[in-house]
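Coordinate analysis (summary)
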Amino acid sequence: MGRYDLVEQVLTDLQAEFFFTGAKIQPGRPVIFGQVPYSCGSGRLARSGASAPQSHKYFFGLPGNPISTMVTFELFARPILEALSGMSPRPLTFVHTRLKSDIRVKTGLTRFLPAIFSGKYEDSLAEPVPWQGSGDIAARARANCYVVIPPDREHILAGEWIGRDAAMTEFL
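Residues numbered from 1 in each chain as written. Predicted model: local features only at pLDDT ≥ 70, side-chain atom pairs only at ≥ 80, totals over all residues. Heavy atoms only, no water.

1. Thoughts on the overall build of the chain
Defined as follows: Starting at the N terminus, helices and strands are each numbered in turn, a helix being any DSSP run of H or I of at least four residues and a strand any DSSP run of E of at least two. To sort residues, take the accessible area from a 1.4 Å probe on protein chains only and compare it with the maximum for the residue type: under 20% means buried, over 50% means exposed, and anything in between is partly exposed. Contact definition: two residues touch when any of their heavy atoms are within 4.5 Å. For every accessible area listed, the method is Shrake-Rupley and the probe measures 1.4 Å; residues are considered covered only by the protein chains on display.
Across its full length, the chain carries 4 helices and 13 strands. The burial tally for the chain puts 34% of its 172 residues in the buried class. Put simply, 60% of the contacts in the chain that link residues at least 6 apart link residues at least 24 apart. As displayed, the chain offers around 10,600 Å² of accessible surface, 54% of which is attributable to carbon and sulfur atoms.

As structure tokens, then:
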């Protein structure tokens with residue numbers, strides 16, 4: 001994402017086909033997914049001069065900050081890896097709960113905020129964990145879920161039910 005990130009240029013040089021480059025989420029915006037061509041018969045067949053059939057390998061480029069990596073892995077990489085391995089992808093778990101304290105964010109991106117989920121049924125609460133951004137691994141270690149804020153919500157009040165306009169997803 002920064003000036004010294006050369007991953008996309010190197011992949012372009014390798015004739016990569018990008019399925020997507022970036023997501024409108026925070027943290028995790030600079031995620032990429034695509035495929036690169038490779039020769040299937042690189043061993044004895046290639047040494048004999050015979051041409052090998054072309055195929056491809058899939059790749060993900062996950063962001064470098066730890067929270068960004070965790071979010072993008074769960075949202076994008078895990079479901080595709082499970083599908084490619086023949087598994088049925090597991091859906092994320094969303095819980096309907098009340099917010100313990102106000103949340104105010106900028107609009108435009110879906111936000112995944114580390115939080116602590118507690119209680120049961122109508123007495124459950126989600127409390128956002130104070131954090132310093134996508135590199136704050138200690139905040140993530142204190143959390144057991146994410147509060148997911150849709151891109152059009154700027155302010156969610158304490159006591160408001162989240163799960164329809166804003167969701168809360170538990171870690172697996």
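Picking up where we left off.
2. Focus: the nonpolar core
This is how the line gets drawn: Among buried residues, the Ala, Val, Leu, Ile, Met, Phe, Trp, Tyr and Cys ones that are joined through side-chain atoms within 4.5 Å form a nonpolar core.
In terms of nonpolar packing, the biggest core is built from 13 residues, with Leu-99, Ile-103, Val-147, Ile-149 and Ile-162 touching the most fellow members. Of all elements in the fold, only strand S8 (110-118) and strand S10 (145-149) reach the threshold of two or more residues within this core. Filtering out sequence-adjacent residues up to four positions away, Leu-99 remains in contact with Ala-126, Pro-128, Val-147, Ile-156, Leu-157, Ala-158, Gly-159, Glu-160 and Ile-162.

3. Focus on helix H3 (residues 66-84)
Defined as follows: Given a residue, its bend is the angle between the two axes fitted to the seven residues that end at it and to the seven that start from it.
When the local axis directions of H3 are compared, the greatest deviation, roughly 50°, occurs at Phe-73. Of the residues flanking the end of H3, it is Gly-86, one or two places downstream, whose phi is positive at about 90°.

4. Notes on unusual backbone geometry
For the bond running from Gln-26 to Pro-27, omega is -5°, close enough to zero to count as cis. Structurally, Pro-27 can be placed in the loop between strand S2 (25-26) and strand S3 (32-39). Backbone geometry at Gln-15 places phi at a positive 65°, although glycine is not the residue there. When you line up the elements, Gln-15 lands in the loop between helix H1 (7-13) and strand S1 (17-21). With a relative accessible area of 61%, Gln-15 lands in the exposed category. We note that Tyr-121 has phi near 50°; this positive angle belongs to a residue other than glycine. For Tyr-121, the location among the structural elements is in the loop between S8 and strand S9 (125-128).

5. Quick notes on a nonpolar patch on the surface
Basically, it comes down to this: Like charges within 9 Å and nonpolar side chains (Val, Leu, Ile, Met, Phe, Trp, Tyr) within 5 Å are joined into patches, using only residues over 30% in relative accessible area that form no salt bridge. Counted as salt bridges are all cases of a side-chain nitrogen of Lys or Arg within 4 Å of a carboxyl oxygen of Asp or Glu.
Taken together, Leu-6, Val-10 and Leu-14 make up a surface patch of nonpolar side chains, about 290 Å² in accessible area. For Leu-14, the location among the structural elements is in the loop between H1 and S1.

6. Here we look at the side chain of Ser-134
This is how the line gets drawn: We call two N or O atoms a polar contact when they sit within 3.5 Å, provided that within protein one can donate a hydrogen and the other can accept it, with sequence-adjacent residues counted only if both atoms are side-chain atoms.
In this fold, Ser-134 is placed in the loop between S9 and helix H4 (137-142). Ser-134 sits in the buried class, given a relative accessible area of 17%. Polar side-chain contacts of Ser-134 include one of 3.5 Å to the side chain of Ser-68. Excluding residues within four positions of it along the chain, Ser-134 makes contact with Pro-27, Asn-65, Pro-66, Ile-67 and Ser-68.

7. Focus on the side chain of Ser-68
By the secondary structure assignment, Ser-68 is in helix H3. Once you skip the residues sitting within four places of it in the chain, Ser-68 turns out to touch Pro-27, Gly-28, Pro-63 and Ser-134.

8. Let's talk about the pattern of salt bridges
Oppositely charged side chains may form a pair once their charged atoms are brought near each other. This model, assessed by the stated rule, comprises 3 salt bridges. One salt bridge connects Arg-78 with Glu-74, and the closest N-O pair in it is separated by 2.9 Å. Placement of both Arg-78 and Glu-74 in helix H3 is noted, with a separation of 4 residues, approximately one turn of the helix. A salt bridge links Arg-90 to Glu-82, with the shortest nitrogen-to-oxygen separation between them at 2.8 Å.

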